[in-house]
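# Fold and geometry: a report
Here is what each chain is made of, one letter per residue.
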Amino acid sequence: MERDPSVSDATPDRQLGHSQSQDLAIEKLEKHDVPHHPSPQRSLARSIAIVATCTAGMLVNTSNATSVSISLPQIGKAIDIQEDQLQWLLSAYSLSSACLLLFFGRLADLYGRKKGFLIGMSWQLVFALGIGFSSNGITMDVLRAFQGMGAAAAMPAALGILAHSFPPSRARSIAFATFAAGAPLGGAFGNIVGGVVTQLSAEHWRATFFLAAGLSAMCVVSGILSFDPDNISSEVDARVDWIGAMLVTSGLVLIVFVLGQGPTAGWKTPYIIACLVIGVILVGIFIAWEYHLEKSALGPEKPRSFWTPPPLMKLSIWGRAKGRMAVILVIAFLNWSGFIAWTFWTQLYYQNYLGLTPVLTMIRFIPMFVMGCLCNLIVAMVVSRLPLVVFIVLGTVVTGCACVLFALIDPSATYWAFGFPSTTMIVFGADFVYSAGTIFVAKIVFPHEQSLAGGLFQTMTQIGTAFGLTITTIVFNTVVDTESAKLGVVLNSSGTNAPSSAELQGYRSAQWTSAAFPFFASLLAAIFLRKVGIIGHSRHAEQDPSEQTITEQEGDPQP
């Protein structure tokens, strides 16, 4: 397959689909940005420590969600939280982490990724301890929201640290693939710890938060010892776009809140409608504001003012590599919509429909985490041999097939007939898209944008998670209501009197809906990414002019 030069970090930017005048405009826009500093020489052990620390941060972030998810019933009984309010222990964390990724990614690029990671993990440590000692539901919800802010600060910084520490090379591919493996490892760890301690005793759920605090502390210590010193941005104008940060954060908070609360509160509820409308308007204003700031930066030199800081997120970043940056972000959004929806409904199927205990449910998910690690190992081994489209199409198609397999499940059949193959297949899309996608993104953005780009990628996965759960919940509720009505059953407010046959149809319909998202993502990849070519680097490839970053080729001075 012929490689499209538009995605090479070695190619003059004019080949990225820009005209010569656009090239000059971009060069002017970036003229005050920090040059790409070569990575300092370090020992192999220290390089391994950098990757291990970032991966451990990802593990902590993922386990913070999964360990709580499986412990929700016991937490509710222990501190008397109503069942319809339990979901906020999950939503508060994901809400704050999803909506602040862009802002904290930009801060990490400006003021230091090492600082961003250490502050983020320290923040998680403090609030994990606070949650562990909490005895009130509202207090826990608030502290979980603050804990999510730490994840929003640490994860974009971690991606930026890896991109800065490992220039385009086979080592970078291995580093990104290993970092992505932290997600399935964290999911497995969280499920195992959450399931085991939850089944032991209602009060042992507190140990999951104390363990998260301990792991966060280890990450802080390891980061201090292993990370390279920060190369602080040397931009002449390093101001923060506070207006843009306020607009996008407020807008995303409202939209993600509506996506999570809409299916239970009702889409016709006045405050749901109001929040959705206001959220969309704020995001629209943010886009217009960023467009204004980017255009202002391209115009004649003007005195600095509060109204013309550098943009929080240049809209042109979506158009990198002839728009393929936007394509990979949309694919990440769609894949996570299907992947997380599958995980959610499968867990409910095992626990609510089949009546399995948390530990037995956790055991059925173990193959998913093992296969997730293997998928990232595959990416690390062959990313320098296969084009990007192979990873994305293969991963999303296999994920879609996993959803279809569970949609066809027969409750009387053995786990090995439907559950096991579906569980092993579902992670292909998540791990292939995350590993290969972040490597691709790191190649086509400027060195000073690595954390922002990482935050943008993760923002799309988080919004995709909320979107997928919302759509599939609507489908599930609609099907269960319809099937129950056919049987002459009027559902109560919580739906606990639904016939088992209606519930089964609801689970199946939710999985069919989940399958649609990755299948659509595979179609986009096949159409728009087919000429991208290979994004990895061979083992013996030397750094040469063909492996320069885009910024270096635009004439930025080198030290």
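Remember, it's a predicted structure, so these values are computed and weren't measured experimentally. (Residues numbered from 1 in each chain as written. Predicted model: local features only at pLDDT ≥ 70, side-chain atom pairs only at ≥ 80, totals over all residues. Heavy atoms only, no water.)

### Comments concerning the overall build of the protein
Condition: Helix and strand definitions here come from DSSP, where helices need a minimum of 4 consecutive H or I residues and strands a minimum of 2 consecutive E residues; each element is numbered from the N-terminal end. A simple rule labels every residue: compare its accessible area, found with a 1.4 Å probe on the protein chains alone, to the largest value its type can have, and call it buried under 20%, exposed over 50%, or partly exposed in between. In what follows, residue pairs with any heavy atoms lying within 4.5 Å of each other are defined as contacts. Per-residue and other accessible areas were derived by the Shrake-Rupley procedure at a 1.4 Å probe size, with only the shown protein chains allowed to occlude residues.
Each helix and strand counted, the protein has 18 helices and zero strands in total. Relative to its 559 residues, the protein shows a buried fraction of 58%. For the protein, the share of sequence-separated contacts (at least 6 apart) that also reach a separation of at least 24 residues comes to 83%. As displayed, the protein has an accessible area near 22200 Å², and 68% of this comes from carbon and sulfur atoms.

### Quick look at the pattern of salt bridges
Stated precisely, the cut-off is as follows: When a carboxyl oxygen of Asp or Glu is within 4 Å of a side-chain nitrogen of Lys or Arg, the pair counts as a salt bridge.
If you walk through the whole model with that rule in mind, you get six salt bridges. In this structure, Glu483 engages Lys486 in a salt bridge whose closest nitrogen and oxygen atoms are separated by 3.5 Å. Highlighted residues: Glu483 and Lys486, both in helix H16 (residues 450–486), separated by three residues, approximately one helical turn. The partly exposed category is assigned to Glu483, whose relative accessible area is 23%. Three or more residues joined by partner-sharing salt bridges are found here, namely Lys314, Arg320 and Glu449.

### A look at the environment of Arg106
Relative to the helices and strands, Arg106 resides in helix H4 (residues 101–111). Taking the C-alpha atoms as reference, Arg106 lies 9.6 Å from Ala245; in sequence the two are 139 residues apart.

### Notes on the packing of aromatic side chains
Quick note on the threshold: For this analysis, a ring pair means two rings from Phe, Tyr or Trp (six-membered ring only for Trp) whose centres lie within 6.5 Å, classed as stacked if their planes differ by under 30 degrees, edge-to-face if by over 60, and tilted for the remaining angles.
In the structure shown here, the tally under the stated rule is 32 aromatic pairs. Here Phe117 and Phe227 contribute two aromatic rings whose centre-to-centre distance is 5.2 Å and whose plane-to-plane angle is 75°, an arrangement assigned as edge-to-face. Of this pair, Phe117 sits in helix H5 (residues 113–132) while Phe227 sits in the loop between helix H8 (206–226) and helix H9 (242–265), and the two are 110 residues apart along the sequence. Neither residue differs from the other here; Phe117 and Phe227 are each classed as buried. Here Trp123 and Phe146 contribute two aromatic rings whose centre-to-centre distance is 6.4 Å and whose plane-to-plane angle is 40°, an arrangement assigned as tilted.

### What about helix H3 (residues 88–99)?
Under the convention used in this document: To estimate the expected span of a helix, count its residues, drop one, and scale the result by 1.5 Å.
In this model H3 runs 16 Å from its N-terminal to its C-terminal C-alpha over 12 residues, within 8% of the 16 Å that 1.5 Å per residue would give. Most of H3 sits inside the fold, with nine of its 12 residues counted as buried. The set of residues buried in H3 consists of Leu89, Leu90, Ala92, Tyr93, Leu95, Ser96, Ser97, Ala98 and Cys99.

### Details of the packing of helix H11 (residues 324–353) against H16
The cut-off we apply is this: The angle between two axes is taken between their N-to-C directions and runs from 0 to 180 degrees, where each axis is a line fitted to C-alpha atoms and a helix contributes only its stretch in contact. Orientation labels follow simple angle bins: below 35 degrees gives roughly parallel, above 145 gives roughly antiparallel, 65 to 115 gives roughly perpendicular, and whatever is left gives oblique. Left-handed describes a crossing whose near helix is turned anticlockwise from the far helix by less than a right angle; the clockwise case is right-handed.
Interaxial distance between H11 and H16 falls to 7 Å at its minimum, and their mutual angle equals 45°. Taken together, the axes of H11 and H16 lie oblique to each other. Remark: the crossing between H11 and H16 carries right-handed chirality.

### Side note on the confidence of the model for the protein
A low pLDDT score tells you not to read the predicted coordinates there in detail. We apply this condition: A residue's pLDDT is the predictor's confidence in that residue, given on a scale from 0 to 100.
When pLDDT is averaged across the protein, the result is 83; 85% of the residues are at 70 or more. The least confident element of the protein is helix H18 (residues 550–553), whose mean pLDDT is 38; the most confident is helix H13 (residues 388–407), at 96. Across residues 5–36, where pLDDT falls below 50, the model places 86 contacts with residues more than four positions away in sequence or in other chains. Note on residues 541–559: pLDDT under 50 across the span, and 44 contacts to partners over four residues away in sequence or across chains.

### Structural notes on a nonpolar patch on the surface
We count it as follows: Patches were defined on residues exceeding 30% relative accessible area and lacking a salt bridge, with like-charge contacts within 9 Å and nonpolar side-chain contacts (Val, Leu, Ile, Met, Phe, Trp, Tyr) within 5 Å.
Residues Ile192, Val196, Leu360, Ile363, Ile366, Val370, Leu374, Leu377 and Met381 make up a contiguous nonpolar surface patch of roughly 710 Å² in combined accessible area. Elements represented by at least two residues in the nonpolar patch include exactly helix H7 (170–200) and helix H12 (358–382). For the nonpolar patch, the element with the highest residue contribution is H12, accounting for seven residues. Here Ile366 is to be found in helix H12.

### Quick word on the side chain of Glu449
Our working rule: N or O atoms within 3.5 Å of each other form a polar contact, as long as, within protein, one can give a hydrogen and the other can take it, and as long as residues adjacent in sequence are counted only when both atoms are side-chain atoms.
Structurally, Glu449 can be placed in the loop between helix H15 (427–444) and H16. When its relative accessible area of 2% is taken as the criterion, Glu449 is described as buried. Side-chain polar atoms of Glu449 contact the side chain of Arg320, separated by 3.0 Å.

### Brief notes about the side chain of Arg113
Take Arg113: it is sitting in helix H5. Taking relative accessible area as the criterion, Arg113 reaches 12% and is therefore assigned buried. In this structure Arg113 touches Ala108, Ala157, Gly160, Ile161, His164, Asp230, Pro447, His448, Glu449, Gln450 and Ser451, once residues within four positions along its chain are discounted.

### Focus on H16
Across its 37 residues, H16 extends 54 Å between first and last C-alpha, which sits within 8% of the 54 Å expected from 1.5 Å per residue. Gly488 lies just past H16 and shows a positive phi near 80°.

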